[in-house]
There are 4 protein chains.
Amino acid sequence: MIKVTVWNEYGEKQKREEVAKVYPAGIHAAIAEFLDKEKDIEVKTSTLQDDERGLSQALLDGTDVLIYWAHCYHDKVSFEDSARVVDAVNRGMGVIFLHSAHKAKPFTGLLGTSGYLEWREAAEKERLFVTEPGHEIAAGLPLHFEIEHEEMYGEPFDIPNPEATVFIGWYKGGNVFRSGVCYTRGRGRVFYFQPGHETYGNYYLPNIQRVIVNAVRWASPRTHASERNSCPNVAPLEEI
Amino acid sequence: MIKVTVWNEYGEKQKREEVAKVYPAGIHAAIAEFLDKEKDIEVKTSTLQDDERGLSQALLDGTDVLIYWAHCYHDKVSFEDSARVVDAVNRGMGVIFLHSAHKAKPFTGLLGTSGYLEWREAAEKERLFVTEPGHEIAAGLPLHFEIEHEEMYGEPFDIPNPEATVFIGWYKGGNVFRSGVCYTRGRGRVFYFQPGHETYGNYYLPNIQRVIVNAVRWASPRTHASERNSCPNVAPLEEI
Amino acid sequence: MIKVTVWNEYGEKQKREEVAKVYPAGIHAAIAEFLDKEKDIEVKTSTLQDDERGLSQALLDGTDVLIYWAHCYHDKVSFEDSARVVDAVNRGMGVIFLHSAHKAKPFTGLLGTSGYLEWREAAEKERLFVTEPGHEIAAGLPLHFEIEHEEMYGEPFDIPNPEATVFIGWYKGGNVFRSGVCYTRGRGRVFYFQPGHETYGNYYLPNIQRVIVNAVRWASPRTHASERNSCPNVAPLEEI
Amino acid sequence: MIKVTVWNEYGEKQKREEVAKVYPAGIHAAIAEFLDKEKDIEVKTSTLQDDERGLSQALLDGTDVLIYWAHCYHDKVSFEDSARVVDAVNRGMGVIFLHSAHKAKPFTGLLGTSGYLEWREAAEKERLFVTEPGHEIAAGLPLHFEIEHEEMYGEPFDIPNPEATVFIGWYKGGNVFRSGVCYTRGRGRVFYFQPGHETYGNYYLPNIQRVIVNAVRWASPRTHASERNSCPNVAPLEEI
């Protein structure tokens, strides 16, 4: 079983009417719901209002893959909170950052870049192209598929050169975006996925759910060679 | 001085009226013309009709950066011809593949992939986005610029994960493409650039010329640590 | 079941007494023997003496992962033979190159570099360090392990920057080597592993066998998004 | 002129007799001294005792390349201090981390990994191999060179897969290490270089100085395409 925690900031702005109408129990609940149908996945949720901003050491220790949605309250997560997430990933936990998490501290802390991008909230069409058709995260998807209404996120996107760019998005309004990108950090895997503006309901779309399920499996911890030590002082292996 | 050779297949199909009307002396001549205006660049041209398909050892030995345009005659360049180009790159020569060179033997021989892509010849608009604004090849360019008429090349593009993706293209007809990508092979640098269909005249556009000039400088050989040997049998450096 | 084909040149030089004493039925037979014990692996062998140098289209079409050992007869494999292997990898077949395959045509054809390195045949000690402890190919291994006698392969090794460097080797005689490196080419995965000189019997070592078994699983084809077409001419997705 | 700032923690532990005997005015002064001889480099120094831990916004704004040596006082540099360095790199400043800076906050903040490694202080021999002979940082160096006494840093080194591994170190005591590695973060370049224990005087060695001078030139800001904005809200480029 892959133990997934879906984290959502879920502050006041995520509870206002126009969001609640789309995601009555929050985006985290909607994501947990479709993940829960997968036989190899066990899911719980967490929010900014929980202990230690919902990112406590105990919670991270019991998580194989963390899904992270955030937008308005990045500053409520401290550098120390973020450092716990980064350390968990370095030890093997997978993490999936969704949409506006591009400026979340754990995202920029794992990537080392600003996450800056251009944006436009115009409910325009996005078409996602699979650029790595052999990648696990693209399994079962058509070579391109559409989202009728999405917030535009456009290049340049300030991220390190991805280890794999699985999706590139085309926008009706004339922009492009690296919409699905992969990284390894220590023993853990990181995936960023662009779709998911809070008022458009795209987490109900089958293709989007397929991407997230695939990404959970891809990011789940791989078998480890051995325990990790901090910085051990070691004896010589040969005569000096 | 950077010694550039512009290679063009320039067979019968590249001399027919609708091409000649746009590039009267061939695409190679048009590219050579704007490169020749740069004070640090010295340029010559070569075609399939020259000695050893215009890719002789002597020519490669005297070339710092090879620019390669091809479309209809990939099969006229043999595996042996291609191997000379690959070896020259491995020893430090830069190479810039343009447009339909995505299926040229030296391109697939350096990248190890098929170069497959989707295409459409519909004179549609392409908008190029700079995705790595700090990259040398993007120097002096706006963050995005348009080409009024270009052949569409679309994802998935079968290439290894690029070392840098400098440009991504948006097409009016609904597709996207990694239009400018960088690789290192041995001591040499490789750049692929999408624009350049033979009947649209895009090599006359200032932004396109700027990209190619920048790429020539980027791909020109860097100072080497030492001479390269084949596979030397070496003595131990320590007592065994 | 993962269908593995172990290919060995197995020419006269690989049948001479000092090799036959170590690998009586050839290196391919020794590798096939330990792979055959794995429940998820089905194995066959092939050599240069078989149809189309043992690399026929039919054989490749029925192979999930190809293991390739070669040393003295690289020139017997033609560019056309090699192109079939490269194409099979691009379509999803995994490939594991062992030891002196660093100059085999399919290896250089997939990587685009010369594969040059320094070498010394002095039966010296190599110690392999795991540099990516979270990688699937390192699963179940200690963080470092020794091989009592191995041919030294030393840096600089002319390969593209690896997508993952899983092992780095230390040699008693004073050299180092990137002994285990990973690449993706199209939909297929490529692994190169240094140990395996024909007169030292290292394919009988449990740790070496563990690496190869792990690599077979890692390189086995992943689920694909869809069928691959060559270069399809496609209709617009939006009004132009 | 490339404006270099050499930053050294230079706390009490770096002023004690056994260090002062080797670097009377501190490691920063020794590095500044040889850099100052280069005609294209203008150098100043800074330490933990200066304003805002010697990493003020004003200082970073006037720096093209920051050289960073630290060991005992990583915790004196706050997350906020580190964030200023990361942001400066994202905007184009180069940074060179030396030796024990592998656990400095700006290093782990740019890379997103722990920087963990194995170590041994035994004044043993290290031999550095050039693994990318065409790389600018290897210019003018032999393919391998020795350091008589260095602290051993050994694999596994918890860093993301490097964009280039320019040096790998061999240690007499039986270990290996990726001793010189490169990254891009935003518009800036990052280089880590292993040698430099404070009691061995290796910054006086010509080859080590050559590496650092080369790295300063490589990491100096490249021409930028345009100004960087934070996250601009942009108008459509096409009719939606």
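Structure: see above.
Residues numbered from 1 in each chain as written. Chains lettered and ligands numbered in written order. Predicted model: local features only at pLDDT ≥ 70, side-chain atom pairs only at ≥ 80, totals over all residues. Heavy atoms only, no water.

Caption draft 1: Main features of the overall build of chain A. Assigned secondary structure in chain A consists of seven helices and nine strands. Expected size for 240 residues packed as a compact globule is a radius of gyration near 18 Å; at 18 Å, chain A falls within 12% of this value. In terms of principal-axis extent, the alpha carbons of chain A reach across some 65 × 40 × 35 Å. Counting the 240 residues in chain A, one finds 67% classified as buried. Within chain A, residue pairs in contact and separated by at least 24 positions form 72% of the contacts whose partners lie at least 6 positions apart. Element-wise, carbon and sulfur atoms account for 48% of the exposed surface of chain A, whose accessible area totals about 7,900 Å². (Helix = DSSP H or I, 4+ residues; strand = E, 2+ residues; numbered from the N terminus. Rg over C-alpha atoms; globule rule 2.2 N^0.38 Å. Buried < 20%, exposed > 50% of the residue type's maximum accessible area, 1.4 Å probe, protein only. Contact = heavy atoms within 4.5 Å. Areas by Shrake-Rupley, 256 points an atom, 1.4 Å probe, with all protein chains shown as cover.)

Caption draft 2: Region of interest: the pairing of strand β9 (residues 188–193) of chain C. Residues and elements named next belong to chain C. Burial analysis of β9 places six of its six residues in the buried class, which makes it a mostly covered element. Of the two faces of β9, the one lined by Gly188, Val190 and Tyr192 and the one lined by Arg189, Phe191 and Phe193 are each fully buried. With four bridges connecting them, strand β4 (residues 94–98) and β9 associate as parallel partners. Directly across from Phe97, in β9, lies its bridge partner Tyr192. Relative to β9, strand β8 (residues 176–185) runs antiparallel, the two sharing six bridges. (Pairing = 2+ DSSP bridges.)

Caption draft 3: Quick peek at the interface of chain D and chain B. The interface of chain D with chain B comprises 24 residues on the first partner and 24 residues on the second. Roughly 2,100 Å² of surface becomes buried between chain D and chain B when both sides are summed, with 50% attributable to carbon and sulfur atoms. Remark: the boundary between chain D and chain B carries ten salt bridges. Linking Lys172 of chain D and Glu238 of chain B is a salt bridge whose minimum nitrogen-to-oxygen distance equals 3.4 Å. Counting the contacts that link chain D with chain B gives 13 residue pairs in polar contact (both at pLDDT 80 or more). Per-element tally for the side of chain D that touches chain B: the top contributor is strand β5 (residues 118–130) of chain D, with three residues. Tallied by class, the residues present in the side of chain D that touches chain B amount to nine nonpolar, seven polar and eight charged. (Buried area = accessible area lost by both parts, 1.4 Å probe. Salt bridge = Lys/Arg side-chain N within 4 Å of Asp/Glu carboxyl O. Polar contact = N/O pair within 3.5 Å; in protein donor to acceptor, adjacent residues only side chain to side chain. Nonpolar A, V, L, I, M, F, W, Y, C, P; charged D, E, K, R; others polar.)

Caption draft 4: The arrangement of the packing of aromatic side chains in detail. Residue and element names in this part refer to chain C. Within this structure, the stated rule accounts for 56 aromatic pairs over all chains. Here Tyr23 and Tyr204 contribute two aromatic rings whose centre-to-centre distance is 5.2 Å and whose plane-to-plane angle is 25°, an arrangement assigned as stacked. Within this pair, whereas Tyr23 is found in the loop between α1 (17–20) and α2 (27–35), its partner Tyr204 is found in the loop between β9 and α7 (206–219), the two being separated by 181 residues in sequence. Assessed through its relative accessible area of 1%, Tyr23 is described here as buried. (Phe/Tyr/Trp six-rings, centres within 6.5 Å; stacked < 30°, edge-to-face > 60°.)

Caption draft 5: Focus on the relation of the copies chain A and chain D. Least-squares fitting of chain A to chain D yields an RMSD of 0.0 Å, with the transformation described by 0.0 Å of translation along the axis and a rotation of 180°. Read as a symmetry element, the transformation amounts to a two-fold axis. (Least-squares fit on C-alpha atoms with pLDDT ≥ 70 in both.)

Caption draft 6: Quick look at the sheet that holds strand β8 (residues 176–185) of chain D. All names here are of chain D. With mixed pairing, nine strands are arranged side by side in an open sheet as β2-β1-β3-β4-β9-β8-β7-β5-β6. The open sheet is flanked by β2 (41–47) and β6 (144–154), the only strands paired with a single partner. Adjacent strand axes in the sheet meet at a mean angle of 25°, parallel and antiparallel pairs treated alike. Pairing of strand β1 (residues 2–8) with β2, which is carried by seven bridges, proceeds in the parallel orientation. Within the sheet, the bridge partner assigned to Ile2 lies in β2 and is Ile41. Sitting on the sheet, helix α7 (residues 206–219) is in contact with β1, β2, β3 (65–69), β4 (94–98), β5, β6, β7 (164–171), β8 and β9 (188–193), with an inclination near 165° to β9. (Axes fitted to C-alpha atoms, helices over the stretch in contact; angles between N-to-C directions.)

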